[in-house]
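# Observations on the model geometry
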Amino acid sequence: MSSIVESLESSVAYIRAICPPSKLKPRIAVVLGSGLGSFVNQVDVEAAIPYTEIPGFIPPSVDGHKGRLILGHVKGVPIVVLQGRIHFYEGHSMATVAHPVRTAALLGCEVMVLTNSAGGLDPAMRPGDFMIIDDHINLMGDNPLKGPNIKEFGPRFPDMTEAYDRKLSTKMNEVLLAMKVKFYRGVYCGVSGPTYETPSEVRYLQMLGGKAVGMSTVPETIAANHLGLRVCALSCITNLAAGLSQNKLSHEEVTETARAVEAKFGQFLVDFISRVETT
Ligand code: HPA
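Below is a short write-up of the structure. (Residues numbered from 1 in each chain as written. Predicted model: local features only at pLDDT ≥ 70, side-chain atom pairs only at ≥ 80, totals over all residues. Heavy atoms only, no water.)

What follows covers the overall build of the protein. Each helix and strand in the protein was counted, giving 6 helices and 9 strands. For the protein, whose C-alpha radius of gyration is 17 Å, the value lies close to the compact-globule estimate of 19 Å for 279 residues. The dimensions of the protein, computed from C-alpha atoms along their principal axes, are 55 × 40 × 35 Å. Scored against the burial criterion, the 279 residues of the protein give a buried share of 56%. (Helix = DSSP H or I, 4+ residues; strand = E, 2+ residues; numbered from the N terminus. Rg over C-alpha atoms; globule rule 2.2 N^0.38 Å. Buried < 20%, exposed > 50% of the residue type's maximum accessible area, 1.4 Å probe, protein only.)

Quick look at the structure:
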């Protein structure tokens, strides 16, 4: 058996020992991006497990990322929340980055809701706007499925024609319209970071057709698609990408903006989750 599968099995066994499926079998997984963690206050928590305790998990090293796996209900819907993610730029392999998402899939989730903070590539965007991710461009130079295929998980060459499920994105669109929130839809460019982009790189991403740029989400989307999950994703546009405003970029600005919209983001997730159909 591959070490990836062994490590996932040890994570799943540990989590199930704390919260068995008879108590809660999550159907939807939510990954919370930088500064967007307060959604957990809306969850009826069954178990909150620090990543440091779960075999196979690595704690996030970035400010604004807490590192807890939470099992609970939102409006009666059983969910697992990954509060804090591992980023590729922290130096881990893509498989390590995808580990929490794969764990959620093995716990029984069929839908993956990914959130992140991103830089806006459309000059009309303002910090605090939202963007539904309709598709992505993987510019990270790596892929979590590289190496021997784990065929119990999915095919060697997964189709990515609808990496972000259209029906789920339409539902996100409906919820955001009902909330009267300013939002965009578009292509997310996934870069490795940890540097922010140069203004020339930003122009390049605009030419590629990108509408937002960020350092996460792509590995998780790929791993979740491989496992046959339905994926959707929402970006919080925390800043205009480099060169599109007078400001220099900083992580503080990113987390500050995310914090300012955290409550709205949490409300969106509650409304959205309560409307997603699962089997
Ligand atoms: N670039 C890349 N990642 C980001 C940005 C950005 O401008 N803002 C938040 N995450």
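There's more to say after this.
Enumeration according to the criterion identifies 3 aromatic pairs in this entry. Judged by centre distance (5.0 Å) and plane angle (75 degrees), the ring pair of Phe130 and Phe265 falls under edge-to-face. With Phe130 in strand β6 (residues 130-139) and Phe265 in helix α6 (residues 251-275), this residue pair connects regions lying 135 residues apart in the sequence. Phe265 shares its class with Phe130; the two are buried. Considering the side-chain rings of Phe268 and Phe272, the 5.5 Å spacing of their centres and the 10 degrees angle between planes classify their relative orientation as stacked. Remark: Phe272 and Phe268 occur in helix α6; sequence separation between them is 4 residues, near one turn of the helix. Neither residue differs from the other here; Phe268 and Phe272 are each classed as buried. A cation over an aromatic ring shows up here: Lys264 above the ring of Phe130, its NZ or CZ 6.0 Å from the ring centre. (Phe/Tyr/Trp six-rings, centres within 6.5 Å; stacked < 30°, edge-to-face > 60°. Lys NZ or Arg CZ within 6 Å of the ring centre and 35° of its normal.)

Before going further, it helps to examine the pairing of strand β8 (residues 210-214). Residues in a regular strand project their side chains so that they alternate between the two faces of the sheet. β8 sits mainly inside the fold: 4 of its 5 residues count as buried. Across 4 bridges, the pairing between strand β7 (residues 183-191) and β8 is parallel. The residue of β8 that forms the bridge with Val187 is Gly210. (Pairing = 2+ DSSP bridges.)

Attention shifts here to the state of the cysteines. Here the structure, examined in full by the defined rule, presents 0 disulfides. There is no disulfide at Cys19, and the cysteine sulfur nearest it, in Cys109, is 12 Å away. The class of Cys19 is buried, set by a relative accessible area of 4%. The exposure class assigned to Cys109 is buried, which follows from its relative accessible area of 5%. (Disulfide = S-S within 2.5 Å.)

One way to put it is that helix α2 (residues 94-106) packs onto helix α5 (residues 218-226) with a least axis distance of 9 Å and a crossing angle of 60 degrees. Judged by the angle between their axes, α2 and α5 are oblique. The interaxial crossing formed by α2 with α5 has right-handed handedness. Within the contact between the two elements, α2 uses Met94, Val97, Ala98, Val101 and Arg102 and α5 uses Pro219, Glu220, Ala223, Ala224 and His226. In terms of residue class, the contact of α2 with α5 is built from 7 nonpolar, 1 polar and 2 charged. (Axes fitted to C-alpha atoms, helices over the stretch in contact; angles between N-to-C directions. Parallel < 35°, antiparallel > 145°, perpendicular 65-115°, else oblique. Left-handed = near helix turned anticlockwise from the far one by under 90°. Contact = heavy atoms within 4.5 Å. Nonpolar A, V, L, I, M, F, W, Y, C, P; charged D, E, K, R; others polar.)

Counted as a void, the largest pocket has a volume near 340 Å³. What lines the largest pocket is a set of 26 residues, and nearest its centre among them are Ser117, Tyr196, Met215, His251 and Val254. Elements supplying a minimum of two residues to the lining of the largest pocket: β5 (111-120), β8, β9 (230-240) and α6. If one sorts the elements of the lining of the largest pocket by residue count, β5 sits on top with 4 residues. A per-class count over the lining of the largest pocket returns 12 nonpolar, 12 polar and 2 charged. (1 Å grid on protein atoms, 1.4 Å probe; cavity = no way out; pocket = protein on both sides within 12 Å on 5 of 7 lines; lining within 4 Å. Points joined across faces, edges and corners; volume = space filled by probe spheres on them.)

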